[in-house]
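# Architecture at a glance
Next come the chains, spelled out residue by residue.
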Amino acid sequence: MRIRRDRLRELRESRGMTQKGLAATLGCSRAAVSTWETTGRLPHPKRLQPLADALGVSVFELLDDWSSSTLRYLRAAAGMLQRDVAGLLNVAPSTYCDVETGRQSVPDRWVPILATTYGVSPEIVRGNPRAALQENDGGGMDHDSHAPATAAPVPTSEPRNECATPRRIPFG
């Protein structure tokens, strides 16, 4: 998942904002805004909603796509390992791995826990960000009530998949 860098620049410029001005509004550096606009790298999840608000759009309008890697991205952005999330949910890491990789759907009882932990809408946890837009009349979620559990930096590459590789059972 990446930010739509051209759209970000277009929205910022159409509102007469400089990179420095947007950075001041968000409480980050001008270099961070420049990085988002030139590389498409996502800002930290806690900055996504304020960024969208500053530009007058929904978070989803800024994002390139929401693929099956949503839970993996959110986990990595929160600085957590699969075993950390599994412990929070009181399940085996392999069980969480099956959900994160899409082999199983997200159990209903996990949704509020993950939404609160990651500071996102329950619909995003369910993998349905468009419904989150409708649920919030296009305005996104109020992140004042949901803060990410940790403030870890956004990974520069795709989060690694920690799932154990299947064991080969010898025949004979």
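Counting restarts for each chain: residues are numbered from 1 in the order of the written sequence. In keeping with the model being predicted, local features are shown solely for residues with a pLDDT of at least 70 and side-chain atom pairs are shown and tallied solely at 80 or more, while totals for entire chains, interfaces and linings include all residues. Hydrogens and water are ignored here; the side-chain numbers use all heavy atoms of the structure.

## Regarding the side chain of Glu100
Stated formally: Working definition: helices are DSSP H or I runs of at least four residues, strands are E runs of at least two. Numbering for both runs from the N terminus. Each polar contact in these results corresponds to two N or O atoms within 3.5 Å; when the atoms are within protein, one needs to be able to donate a hydrogen and the other to accept it, and residues that are neighboring in sequence are counted only if both atoms are side-chain atoms.
Summarising the element assignment, Glu100 is placed in helix α8 (residues 93-100). In terms of polar contacts, Glu100 uses its side chain to reach the side chain of Gln82, at 2.7 Å.

## Focus: unusual backbone geometry
In terms of backbone geometry, most residues other than glycine have negative phi values and most peptide bonds are trans. Here is the rule we go by: Here the term buried applies to any residue with accessible area under 20% of the maximum for its type, exposed to any over 50%, and partly exposed to those in between, with areas from a 1.4 Å probe on protein chains only.
The phi dihedral of Asn90 is positive, around 60 degrees, even though this residue is not glycine. Secondary-structure assignment places Asn90 in the loop between α7 (82-89) and α8. Under the relative-accessibility criterion, Asn90 is labelled exposed at 70%.

## Description of the packing of α7 against α8
Here is the rule we go by: Every axis corresponds to a line fitted to the C-alpha atoms, with the helix fit spanning only the stretch in contact, and the corresponding angles, defined between N-to-C directions, vary from 0 to 180 degrees. Each angle receives one of four descriptions, namely roughly parallel if under 35 degrees, roughly antiparallel if over 145, roughly perpendicular if within 65 to 115, and oblique otherwise. Throughout, a residue-residue contact means that at least one pair of heavy atoms, one from each residue, lies within 4.5 Å. Three classes are used: nonpolar for Ala, Val, Leu, Ile, Met, Phe, Trp, Tyr, Cys and Pro, charged for Asp, Glu, Lys and Arg, and polar for all others, with Gly counted as polar.
Between α7 and α8, whose axes approach to 8 Å, the crossing angle comes to 105 degrees. By the criterion of interaxial angle, the relationship of α7 to α8 is roughly perpendicular. Taking contact as the criterion, the partners of Gln82, Arg83, Val85, Ala86 and Leu89 in α7 are, on α8, Pro93, Tyr96, Cys97 and Glu100. Tallied by class, residues from the contact of α7 with α8 come to 6 nonpolar, 1 polar and 2 charged.

## Points about helix α9 (residues 111-118)
Let me state the cut-off plainly: What the arc covers is the set of directions going from the helix axis to the C-beta atoms.
Those residues of α9 lying buried are Val111, Leu114, Ala115, Thr117 and Tyr118. All buried residues of α9 project into a common sector of 165 degrees when viewed along the axis, lining one side. Immediately beyond the C-terminal end of α9, within one or two residues, lies Gly119, with a positive phi of roughly 70 degrees.

All we've got here are geometric facts, nothing functional implied.
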